[in-house]
Amino acid sequence: MTIALVDDSDSDIKLLYDYLSRYCHEHHVYMNIEKFTNEHIFLNSMQNKAYDLVFLDIYMKHMNGIQLACEVIKKDPKCQIIFITTSEEHAVAAYRVHALDYLVKPYQYMDLEDALEHYEQIASRFARYIELKEGRYRTRVMLSDIMYTDYSNHYIQVHTTSCIVRSYMSFDSFLPMLSPYSNFLWCYRNCTVNMDYIESFSRKEFILKNKERIPIASTRRQEVLQRYADYLFDYHSKGEPMP
C-alpha cells in the first residue's frame, strides 16, 4: 500500500507519520509512506507513481485541499482521499469530491485508526492481496507492492517496496498463491518476479527498478523471456498490466 502525506506543517506530518507507523505495527500491515510539504511537487510525483491513499491538509500555501483533491481525482480516480484540517467548514465540499474521511486537528490516534479501518473496508472490494503467516500473525501483502519473492532456510521471503515479509512455508506451497496473476513470473529456482518492476533485462538476468538483479534459469531461459515478451505486448497494447 502506497500512501502520500501532503501537509505544509512538518510537525503535523510527523504526528501523522508516527500514528501511521503505530497502526502498521498494531494491525500487521505494511505501508510505503511518502511525505510532501509542497502540493505541486506532490502532483508532479503522480505522473510516475500511483497512490492508494492520500492524506490532504485543506489549508496549503498555493492551493486549498479541495482544489488539490480535484486534481488528484483527475489524475487517478481510484485514489482514496482523507482530509485533515483545523476547521469543519469544508466538510460538505470534502464529501462532494468523494473524500473517504475528514479528520479535524487536533485528532487522536483512535480517530485515525477509525479512518484507516474505513479505508480497509473500501479497499478490500477491489484490492488484490495475499495473506501470509508471519510468526504468530497473519499479514496481508498487497500484490502491487511485491517486487519479487525468493526462498531461504525454509522461509518464503516476499520483497516489497518497503520491507521483506518472511513466512515459514515451502516454495511449492507458496507458488500457487501467485499463479493466478499474470504479472508474476517464475524465473529461477524458488524465485518469482513481478514483471511490473522490471526495468531492463539480459539473457541471464532481470534488472529491477531498484537496481536489484534477478537471475533467469538457464534451463528455462527461452520460456521465461518469451513470457516476459508476451507480457510486455499485453501491457503496451492494452495500456495497463494484466490482472
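Structure first, text after, so check above.
Everything quoted here is computed from the prediction, not taken from an experiment.

Reading guide: rules and limits
Residues numbered from 1 in each chain as written. Predicted model: local features only at pLDDT ≥ 70, side-chain atom pairs only at ≥ 80, totals over all residues. Heavy atoms only, no water. Phe/Tyr/Trp six-rings, centres within 6.5 Å; stacked < 30°, edge-to-face > 60°. Helix = DSSP H or I, 4+ residues; strand = E, 2+ residues; numbered from the N terminus. Buried < 20%, exposed > 50% of the residue type's maximum accessible area, 1.4 Å probe, protein only. Lys NZ or Arg CZ within 6 Å of the ring centre and 35° of its normal. Lys, Arg positive; Asp, Glu negative; His and termini not counted. Salt bridge = Lys/Arg side-chain N within 4 Å of Asp/Glu carboxyl O. Contact = heavy atoms within 4.5 Å. Expected span 1.5 Å × (residues − 1).

Colleague: How should the packing of aromatic side chains be read in this particular structure?
Modeller: Per the stated rule, a full pass over the model turns up 9 aromatic pairs. Between F36 and Y51, the aromatic rings sit 6.3 Å apart at their centres with planes inclined by 90 degrees, giving edge-to-face as the arrangement. Taken together, the positions of F36 in strand β2 (residues 32-36) and Y51 in the loop between α2 (39-45) and β3 (53-57) put the pair 15 residues apart, joining distant regions of the chain. Y51 carries the same exposure label as F36, and that label is buried. One aromatic cluster is present, formed by Y19, Y107 and Y109 through successive ring pairs. Here R140 stacks its cationic end above the ring of Y129, 4.6 Å away from the centre of that ring. Sitting over the ring of W186, R220 keeps its end group 4.3 Å from the ring centre.

Colleague: Where do I start with the side chain of E113 in this structure?
Modeller: Examined against the element boundaries, E113 turns out to sit in helix α5 (residues 109-123). Summary of buried charges: E113 has no salt-bridge partner, and the nearest side chain of opposite charge, R22, is 6.6 Å away. Each residue touching E113, except ones within four places of it in the same chain, is listed here: Y23, E26 and H27.

Colleague: Can you walk me through α5 in this structure?
Modeller: Count 3.6 residues to each turn of an α-helix, and residues three or four apart come out pointing the same way. Across its 15 residues, α5 extends 21 Å between first and last C-alpha, which sits within 8% of the 21 Å expected from 1.5 Å per residue. Of the positions making up α5, those classed as buried are Y109, L112, E113, A115, L116, Y119, E120, I122 and A123. Of the surrounding secondary structure, the elements contacted by the buried residues of α5 are α1 (10-27), β3, β4 (80-85), β5 (101-104) and β7 (137-142).

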